[in-house]
Amino acid sequence: MSKKFYIATDHAGFAIKDFVKEVVRNLGCEIIDLGPDSDDRVDYPDFAKKCANKVIEDEGSFGILICGTGIGISIAANKVPGVRAALCHDTYTAKLTRMHNDANILCFGERVVGKGVIEDMIEAFINTEFEGGRHAGRVGKIESCQFGANLG
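Scope of this entry: the structure provided in the associated data block. Predicted model, so just to flag it, every value in this text is computed and none were measured. (Residues numbered from 1 in each chain as written. Predicted model: local features only at pLDDT ≥ 70, side-chain atom pairs only at ≥ 80, totals over all residues. Heavy atoms only, no water.)

Considering the environment of Lys95
- With respect to the element layout, Lys95 can be found in helix α4 (residues 91-101).
- Judged by its relative accessible area of 39%, Lys95 falls in the partly exposed class.
- Along the sequence, Lys95 and Asn127 sit 32 residues apart, while their C-alpha atoms lie 8.3 Å from each other.
- Look past the residues within four positions of Lys95 in its chain and what remains in contact with it is Ala124 and Thr128. (Helix = DSSP H or I, 4+ residues; strand = E, 2+ residues; numbered from the N terminus. Buried < 20%, exposed > 50% of the residue type's maximum accessible area, 1.4 Å probe, protein only. Contact = heavy atoms within 4.5 Å.)

If you want it as structure tokens, here you go:
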């Protein structure tokens, strides 16, 4: 069974989106484009929310979010309960975030990583499964916590 991905960007991530969609398809996965449809200026929180909500509604699906640095869009996506959006800059972090954090959204910055690194990160993210074990309890804590000033 192939994996399903939702993708969204802001204007600063728009130029690389078609390349990313092609990479995902070439790895045998489905990808659904949630916008935007041009490089006109948009607000990344709107597209982060759209993608994050789809990933949560469509159980077992994943997301890819891209902005200029990946920082803002990952912060915004992580506001949606159940989302574990990981900002990655290399293959190692993309692989480990699936293995240890069960990340369901891969985030990166178009202005930060090149096409070769993007291709390798996506492949690692797609082909790596969550290990569970000792990591399952930690992910469970993330899912059940309402973080506040007192993290103890």
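Here we look at a negative patch on the surface
- Taken together, the side chains of Glu22, Glu119, Asp120 and Glu123 define an acidic patch exposed on the protein surface.
- If you tally residues by element for the negative patch, the top one is helix α5 (residues 115-127), at three residues.
- Mapping Glu22 onto the fold places it in helix α1 (residues 14-26). (Patch = residues over 30% accessible without salt bridge, like charges linked within 9 Å, V, L, I, M, F, W, Y side chains within 5 Å. Areas by Shrake-Rupley, 256 points an atom, 1.4 Å probe, with all protein chains shown as cover. Salt bridge = Lys/Arg side-chain N within 4 Å of Asp/Glu carboxyl O. Lys, Arg positive; Asp, Glu negative; His and termini not counted. Charge placed at Lys NZ, Arg CZ, Asp CG, Glu CD.)

Side note on the pattern of salt bridges
- This model, assessed by the stated rule, comprises eight salt bridges.
- Ionic pairing is found between Lys17 and Asp33, a salt bridge with its closest N-O pair at 2.9 Å. Separated by 16 residues along the polypeptide, Lys17 in helix α1 and Asp33 in strand β2 (residues 30-33) bring together distant segments of the chain.
- Given the relative accessible area of 2%, Lys17 is considered buried.
- A salt bridge links Arg98 to Asp102; its shortest N-O distance comes to 2.9 Å.
- Residue classification places Arg98 among the buried positions, given a relative accessible area of 2%.
- A network of salt bridges, in which partner residues are shared, links Lys17, Asp18, Lys21 and Asp33.

Notes on α1
- Taken together, the buried positions of α1 are occupied by Ile16, Lys17, Phe19, Val20, Lys21, Val23 and Val24.
- Residues of α1 that are buried in the fold lie against β1 (4-9), β2, β3 (62-67), β5 (105-109) and α5.

Here we look at the packing of aromatic side chains
- For the structure shown, the criterion picks out three aromatic pairs.
- Through pairs of rings, three or more aromatic residues link up here, namely Phe5, Phe62 and Phe125.
- The ring of Phe125 carries the charged tip of Arg98 above its face, separated from the ring centre by 5.7 Å. (Phe/Tyr/Trp six-rings, centres within 6.5 Å; stacked < 30°, edge-to-face > 60°. Lys NZ or Arg CZ within 6 Å of the ring centre and 35° of its normal.)

Thoughts on the sheet that holds β5
- Reading across from one edge, β2-β1-β3-β5-β4 is the order of the five strands in this open sheet, with parallel pairing throughout. Two strands close off the open sheet at either side, each with one partner strand: β2 and β4 (85-87). The average undirected angle you get between the axes of adjacent strands in this sheet is 25 degrees.
- Judged from the five bridges that link them, β3 and β5 form a sheet pairing that is parallel. Following the sheet pairing, Cys67 is matched in β5 by Gly109. (Pairing = 2+ DSSP bridges. Axes fitted to C-alpha atoms, helices over the stretch in contact; angles between N-to-C directions.)

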